[in-house]
Amino acid sequence: MKARVLLTGCHGRLGQHLLRRLLPSFSVLGVGVEEHSFVAHPDFHYARVESVGRRDFRPLFQDFHPDYVLNAAAWTDVDGAEGHRDACWKINVDLVRTLQECSRSRNVWLGQPSTDYVFSGGGAREVDDRPESVGVYAQSKLAAENLLRGSGQPVGVFRTSVLYGKGYRLKTDFCSWVAEGLSEGRTLRVVTDQISNACWAMELATVMITAMERRRTGVYHVASPEIVSRFALARQIATLLGVDPEQIQPAVTAELNQLAARPLDGGLLTRRSEQALGLRFRPLAEALKAWHEDRPETWSLN
């Protein structure tokens, strides 16, 4: 009998990449807010939920009996969170609390993505450095981390940064925004002072599933090891696409008038996480090439 995975946010960027890795090796119950799922696979079942409370989720646990839970649902609008704190908190914290409570009595392993935004910048950080989040989004992700780390349950927390990946009906991510702008011949202004890693969603999915199968617990930093500015990342994409890098022009964060504060001069140190999991995270150039060559239309999902 195949192990059972309950996957929230199954239609999102990370959720779709997790599905590509999970099917057909696992039986998956996808959970989302959409009326219907576009995924068609004999090992996939879908459940629509209308709230993040135990009333909606307890029956799913009772009927499906998951061996693992992967939470790919998240509020990711950093600026929007500033004016919609309750909505952000409901998804990023209340849902996590519900999953934690429903998993507790069953000793179910729970995988939770997090973000480099739990740090406020000022240098690259190790997994055990003390967070100091700024802004509603960052505070919600740190609150979820603290909730799980204090639960005494088998939990893996996976901090990542600048997540990118192709999929079906997804919002535009940073790398796609750059690629689309370059292909249209536009000049793009990109910040030089937001410095971090970048992570292909398939890399994060692979790492999370590997840790899940081994029931590894703790906090991990998952991304390409290189720490670069958004400007340097965008120019690397230009080079990959064979486009003049001069289409990417420098800017600084203060010029953008973004509502929420962003960490400056940050980054996640990944070597200890690679060693702990016995994995090698793809270098940035390798990951970008794989992303560029990825073809969502080849997915056997719909």
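Above this text sits the structure in question.
Reading guide: rules and limits
- Each chain has its residues counted from 1, following the order in which its sequence is written.
- Totals for whole chains, interfaces and linings use every residue, but because this is a predicted model, local features are given only for residues with pLDDT of at least 70 and side-chain atom pairs only at 80 or more, for both listing and counting.
- Each side-chain value is derived from all of the structure's non-hydrogen atoms; neither hydrogens nor water enter the calculation.
- Orientation is described by axes fitted as lines to C-alpha atoms, over the contacting stretch for helices, and by angles from 0 to 180 degrees between their N-to-C directions.
- Helix and strand definitions follow DSSP, with helices as H or I runs of at least four residues and strands as E runs of at least two, each counted in order from the N terminus.
- In what follows, roughly perpendicular refers to angles from 65 to 115 degrees, roughly parallel to angles under 35, roughly antiparallel to angles over 145, and oblique to any angle outside these ranges.
- A crossing counts as left-handed when the near helix is turned anticlockwise from the far one by less than a right angle, and as right-handed when that turn is clockwise.
- Contact criterion: two residues are considered in contact whenever any of their non-hydrogen atoms come within 4.5 Å of each other.
- Throughout, the ten residues Ala, Val, Leu, Ile, Met, Phe, Trp, Tyr, Cys and Pro are labelled nonpolar, Asp, Glu, Lys and Arg are labelled charged, and all others, Gly among them, are labelled polar.
- Note on exposure labels: buried denotes an accessible area under 20% of the residue type's maximum, exposed denotes more than 50%, and partly exposed covers the range between, all computed with a 1.4 Å probe on protein chains only.
- Count a disulfide wherever a pair of cysteine sulfur atoms falls within 2.5 Å.
- Between any two strands, at least two bridges found by DSSP are needed for them to pair.
- Helix span, as expected, comes to 1.5 Å for every residue beyond the first.
- Bending is quantified residue by residue as the angle between axes fitted to the seven-residue window ending at that residue and the seven-residue window starting at it.

We now examine the packing of helix H1 (residues 13-22) against helix H7 (residues 201-214). One way to put it is that H1 packs onto H7 with a least axis distance of 8 Å and a crossing angle of 55°. In terms of orientation, H1 lies oblique with respect to H7. In this structure, H1 crosses over H7, and the sense of that crossing is right-handed. Listed contacts from H7 to Arg13, Leu14, His17, Leu18, Arg20, Arg21 and Leu22 of H1 are Ala201, Met202, Leu204, Ala205, Thr206, Met208, Ile209 and Met212. The residue makeup of the contact of H1 with H7, split by class, is 10 nonpolar, 2 polar and 3 charged.

Time to look at the environment of Met202. Position of Met202 relative to the elements: it lies in helix H7. Judged by relative accessible area, which is 4%, Met202 ranks as buried. As a C-alpha pair, Met202 and Thr187 span 15 residues in sequence and 29 Å in three-dimensional space. Excluding residues within four positions of it along the chain, Met202 makes contact with His17, Arg20 and Arg21.

Let us now look at the environment of Ala124. Tracing the backbone through its elements, the reader meets Ala124 in the loop between strand E5 (109-115) and helix H5 (136-149). For Ala124, a relative accessible area of 34% puts it in the partly exposed group. In this structure, the C-alpha to C-alpha distance between Ala124 and Leu284, residues 160 residues apart in sequence, is 17 Å.

Scanning the model with the defined rule gives 0 disulfides in all. Of the cysteine sulfurs around Cys10, a residue in no disulfide, the closest is that of Cys102, at 17 Å. Here Cys10 falls in the buried class, since its relative accessible area comes to 0%.

Once that is clear, we can look at the packing of helix H6 (residues 174-183) against helix H8 (residues 230-241). With their axes 10 Å apart at the nearest point, H6 and H8 run at an angle of 50° to one another. As summarised for this structure, H6 and H8 are arranged oblique, according to the angle between their axes. For the element pair H6 and H8, the recorded crossing hand is right-handed. The residues of H8 that touch H6, namely those facing Phe174, Cys175, Val178, Ala179 and Leu182, are Arg230, Leu233, Ala234, Ile237, Ala238 and Leu241.

Now for the sheet that holds strand E1 (residues 4-8). Spatial ordering of the open sheet is given by E3-E2-E1-E4-E5-E6-E11, a layout of 7 strands whose pairing is parallel. Bordering the open sheet on either side are strand E3 (44-48) and strand E11 (218-221), each of which pairs with just one other strand. Between one strand axis and the next, the sheet turns through 20° on average, direction left out of account. Here E1 pairs with strand E4 (residues 68-71) via 4 bridges, running parallel. In the sheet register, Leu7 faces E4, and the bridge partner there is Leu70. Against the sheet, helix H4 (residues 85-104) touches E1, E4 and E5, its axis set at about 175° to E4. H5 contacts E5, strand E6 (155-160) and E11 of the sheet and is inclined by roughly 155° relative to E5.

Counted at 1.5 Å a residue, the expected span for H4 with its 20 residues is 28 Å, and the 27 Å between its end C-alpha atoms agrees. At Ile91, H4 shows its largest kink, close to 35°. Turning to H4, its buried residues number three or more, namely Cys88, Trp89, Asn92, Val93, Leu95, Val96, Thr98, Leu99, Gln100, Cys102 and Ser103.

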